[in-house]
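The primary structure of each chain is shown beneath.
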Amino acid sequence: MSKNKLISALFLIFSFVFLSACSINVKTKGGTTLDGGVYVSNNKGDLWRQMPYIPNISGTPNTIASVDVNRLVIDPSDSGAVYLATINDGLYYTYNVARGWNKVLALPSSTTINDVAVDYNNKCIYFVALENKLHKTEDCGRTFVQTYFDNNDNVFVSAVAIDHYNSKVVYLGTSRGDVLRSLDGGVSWKAIQRLKNGVRKIVINPRDSRTVFVATSNNGVYKFNAAGGASLEQLEQYRNQFDNTNWTDYNKELKEFSLGINFRDLHFSHQDNSLILATDKAILRSFDEGSSWIKLSLLTPEKDSFINAVAVNPQNSQEILYVTDTSFYRSADGGTTWTVKKLPTSRSGSVLLIDFNNPNIVYLGVKKIKK
């Protein structure tokens with residue numbers, strides 16, 4: 001069989017697997033079940049299928065069934081393109097999950113990937129945060145250049161975001177609490193804030209990229225008003241950048257809630273302009289960009305809630321999903337009521353991602369449960 005015919009046959013097998021109704025797991029030659037990696041549902045989480053295969057020409061595909069998932073990031077211009085950031089196993093990507101995954105060989109193969117940000121105007125340009133470095137590719141991951149390096153090996157680059165209006169504007173966050181900004185696509189950087197806790201996520205308002213939200217490890221939420229800043233000269237008006245004149249701190253508003261100690265996620269819903277904050281103990285929602293918050297009612301009491309990841313339907317913000325170590329929860333009415341199902345794996349749910357073109361398709365990343 002020719003190489004092209006073999007690969008085509010593998011693709012057909014992957015497509016059949018994706019459309020099948022029941023869940024399977026990969027087994028090794030010794031019979032050990034490998035139930036890690038990524039699961040995909042095409043019916044909003046009712047049924048799951050493990051999607052672990054890495055196609056090759058040997059006739060026996062490799063798999064990602066043993067990897068622990070740190071993040072899943074979707075290409076904002078192509079919902080079929082998904083990046084898999086692993087814990088200690090580098091970066092993978094797919095342009096069609098039914099056809100398998102590919103490893104990014106130009107990056108270290110055994111490192112933890114903290115974040116990925118894809119250019120809204122050019123899918124071959126993206127940034128990858130790993131260790132104390134930020135790398136950039138302009139050729140779809142064939143080669144990378146290092147665009148940022150922190151001289152402290154104990155500080156890691158924890159978050160990266162690209163402005164959807166002007167992709168030359170890039171934000172970077174570190175575990176030390178630094179928020180940096182580049183106006184030339186990552187060539188040069190300027191510190192615009194130093195927070196007391198590590199940065200966990202940077203979210204740019206999809207309706208107005210001048211509004212940027214920063215979430216920290218202690219469940220803090222801040223809003224930054226970029227006020228344009230299309231050039232380095234315009235940014236000079238913020239020379240005294242640490243006086244908080246263009247920063248809003250929402251920790252006072254959040255203190256009235258029992259949030260637990262672990263940040264999980266921050267989403268901005270384009271559909272209704274709401275902000276959703278998830279911690280290990282609670283899910284909060286704001287309809288005024290953080291000035292006030294309401295807490296969603298969960299099925300389990302706060303002391304028994306162990307939220308690992310949350311996702312919101314990009315087309316209908318009433319649909320909210322979250323996962324724990326053992327269970328998958330889904331609400332169709334903004335958190336008023338929930339349905340719950342057991343996860344299709346012995347590992348814990350670590351990441352949820354919803355396809356923005358077809359919200360019926362949901363990705364679930366999993367990782368080993370800590371003993």
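This text goes with the structure placed above it.
Residues numbered from 1 in each chain as written. Predicted model: local features only at pLDDT ≥ 70, side-chain atom pairs only at ≥ 80, totals over all residues. Heavy atoms only, no water.

Points about the packing of aromatic side chains
Next up, step 1: In total, this model carries 11 aromatic pairs according to the counting rule given.
Next up, step 2: Seen from their ring centres, Tyr-83 and Tyr-93 are 6.4 Å apart, and the 35 degrees between their planes marks the pair as tilted. Of this pair, Tyr-83 sits in strand E8 (residues 78-86) while Tyr-93 sits in strand E9 (residues 91-94); the two residues are 10 residues apart in sequence, bridging distant segments of the chain. Across the pair, exposure class does not vary: Tyr-83 and Tyr-93 are buried alike.
Next up, step 3: Taken together through their ring pairs, the aromatic side chains of Tyr-83, Tyr-93, Tyr-95, Tyr-126 and Phe-144 make up a single cluster.
Next up, step 4: Note that Lys-123 overlies the ring of Tyr-95, its terminal NZ or CZ placed 4.8 Å from the centroid.
Next up, step 5: Over the face of the ring belonging to Phe-306 we find Lys-281, whose NZ or CZ atom lies 3.9 Å from the ring centre. (Phe/Tyr/Trp six-rings, centres within 6.5 Å; stacked < 30°, edge-to-face > 60°. Helix = DSSP H or I, 4+ residues; strand = E, 2+ residues; numbered from the N terminus. Buried < 20%, exposed > 50% of the residue type's maximum accessible area, 1.4 Å probe, protein only. Lys NZ or Arg CZ within 6 Å of the ring centre and 35° of its normal.)

A look at empty space enclosed by the protein
Next up, step 1: Evaluation of the coordinates by the stated rule reveals three cavities of 30 Å³ or more.
Next up, step 2: Approximately 60 Å³ is the volume attributed to the largest cavity.
Next up, step 3: Contributing to the lining of the largest cavity are Lys-44, Asn-313, Glu-319, Ile-320, Leu-321, Arg-330, Ile-354, Pro-359 and Val-362.
Next up, step 4: When the residues that make up the lining of the largest cavity are grouped by side-chain class, the tally is five nonpolar, one polar and three charged. (1 Å grid on protein atoms, 1.4 Å probe; cavity = no way out; pocket = protein on both sides within 12 Å on 5 of 7 lines; lining within 4 Å. Points joined across faces, edges and corners; volume = space filled by probe spheres on them. Nonpolar A, V, L, I, M, F, W, Y, C, P; charged D, E, K, R; others polar.)

Quick word on the side chain of Ser-182
Next up, step 1: For Ser-182, the location among the structural elements is in strand E17 (residues 178-182).
Next up, step 2: Here Gly-186 takes part through its backbone nitrogen, which lies 2.8 Å from a polar atom of the side chain of Ser-182.
Next up, step 3: A polar atom in the side chain of Ser-182 sits 2.8 Å from the backbone oxygen of Ser-188.
Next up, step 4: Setting aside chain neighbours within four positions, we find Ser-182 in contact with Lys-168, Val-169, Val-170, Val-187, Ser-188 and Trp-189. (Polar contact = N/O pair within 3.5 Å; in protein donor to acceptor, adjacent residues only side chain to side chain. Contact = heavy atoms within 4.5 Å.)

Some words on the sheet that holds strand E16 (residues 170-174)
Next up, step 1: Here we have four strands laid out as an open sheet, ordered E15-E16-E17-E18, and antiparallel in their pairing. Strand pairing shows two members of the sheet lacking a second neighbour, strand E15 (157-162) and strand E18 (190-194), which therefore form its edges. Direction aside, neighbouring strands of the sheet carry axes that sit 20 degrees apart on average. (Pairing = 2+ DSSP bridges. Axes fitted to C-alpha atoms, helices over the stretch in contact; angles between N-to-C directions.)

Description of the pairing of strand E11 (residues 113-118)
Next up, step 1: Burial analysis of E11 places six of its six residues in the buried class, the great majority of the element.
Next up, step 2: Examined bridge by bridge, E11 and strand E12 (residues 126-130) share five bridges and lie antiparallel to one another. Following the sheet pairing, Ala-117 is matched in E12 by Phe-127.

Examining the pattern of salt bridges
Next up, step 1: Applying the stated criterion across every chain yields a total of 17 salt bridges.
Next up, step 2: Residue Lys-133 pairs with Glu-131 through a salt bridge whose shortest N-O separation is 2.9 Å.
Next up, step 3: The exposure class of Lys-133 is buried, given its relative accessible area of 18%.
Next up, step 4: For Glu-131, a relative accessible area of 39% gives the class partly exposed.
Next up, step 5: Residue Asp-178 is joined to Arg-194 by a salt bridge in which the shortest nitrogen-to-oxygen separation is 2.8 Å. With a gap of 16 residues between them, Asp-178 in strand E17 and Arg-194 in strand E18 connect regions that are remote in the sequence.
Next up, step 6: Sharing partners across several salt bridges, the network here consists of Asp-35, Asp-68, Arg-347 and Lys-368. (Salt bridge = Lys/Arg side-chain N within 4 Å of Asp/Glu carboxyl O.)

A short note on the environment of Arg-142
Next up, step 1: Relative to the helices and strands, Arg-142 resides in the loop between strand E13 (133-137) and strand E14 (145-149).
Next up, step 2: Setting aside anything within four residues of it in sequence, one finds Arg-142 in contact with Ala-106 and Thr-137.
Next up, step 3: For Arg-142, the side chain forms a polar contact with the main-chain oxygen of Asp-139, separated by 2.7 Å.

Some points on the state of the cysteines
Put plainly, two cysteines are in a disulfide when a covalent bond ties their sulfur atoms together.
Next up, step 1: The full count for this structure, using the stated rule, is one disulfide.
Next up, step 2: The partner cysteine of Cys-124 in its disulfide is Cys-140, sulfur to sulfur 1.7 Å. Measuring handedness by torsion sign, the sulfur bridge of Cys-124 and Cys-140 sits at about -60 degrees and is left-handed. You can see Cys-124 sitting in the loop between E11 and E12 and its partner Cys-140 sitting in the loop between E13 and E14, a full 16 residues away along the chain.
Next up, step 3: Overall, the relative accessible area of 18% leaves Cys-140 in the buried class. (Disulfide = S-S within 2.5 Å.)

Quick notes on the nonpolar core
General note: in soluble globular proteins, nonpolar side chains tend to be found buried as a group.
Next up, step 1: If you look at the biggest cluster of nonpolar residues, it comprises 18 residues, and the most contacted ones within it are Val-38, Ile-64, Leu-72, Leu-84, Trp-101 and Tyr-363.
Next up, step 2: Among the secondary structure elements, those contributing two or more residues to this core are strand E3 (37-41), strand E7 (69-75), E8 and strand E31 (348-354).
Next up, step 3: Counting residues per element, this core draws most heavily on E7, at three residues.
Next up, step 4: In this structure Ile-64 touches Gly-36, Gly-37, Val-38, Met-51, Pro-52, Ile-54, Leu-84, Tyr-92 and Trp-101, once residues within four positions along its chain are discounted.
Next up, step 5: Counting residues in hydrophobic clusters, the runner-up holds 17 residues, among them Ile-192, Leu-195, Val-212 and Phe-224. (Core = buried A, V, L, I, M, F, W, Y, C linked by side-chain atoms within 4.5 Å.)

Some remarks on the sheet that holds strand E10 (residues 102-103)
Next up, step 1: Pairing is antiparallel in the open sheet, where four strands are placed in the order E7-E8-E9-E10. Edge positions in the open sheet fall to E7 and E10, since each of these has one partner strand only.
Next up, step 2: As defined by bridge partners, E7 adjoins E8 across six bridges and the pair is classed as antiparallel. Following the sheet pairing, Val-73 is matched in E8 by Tyr-83.

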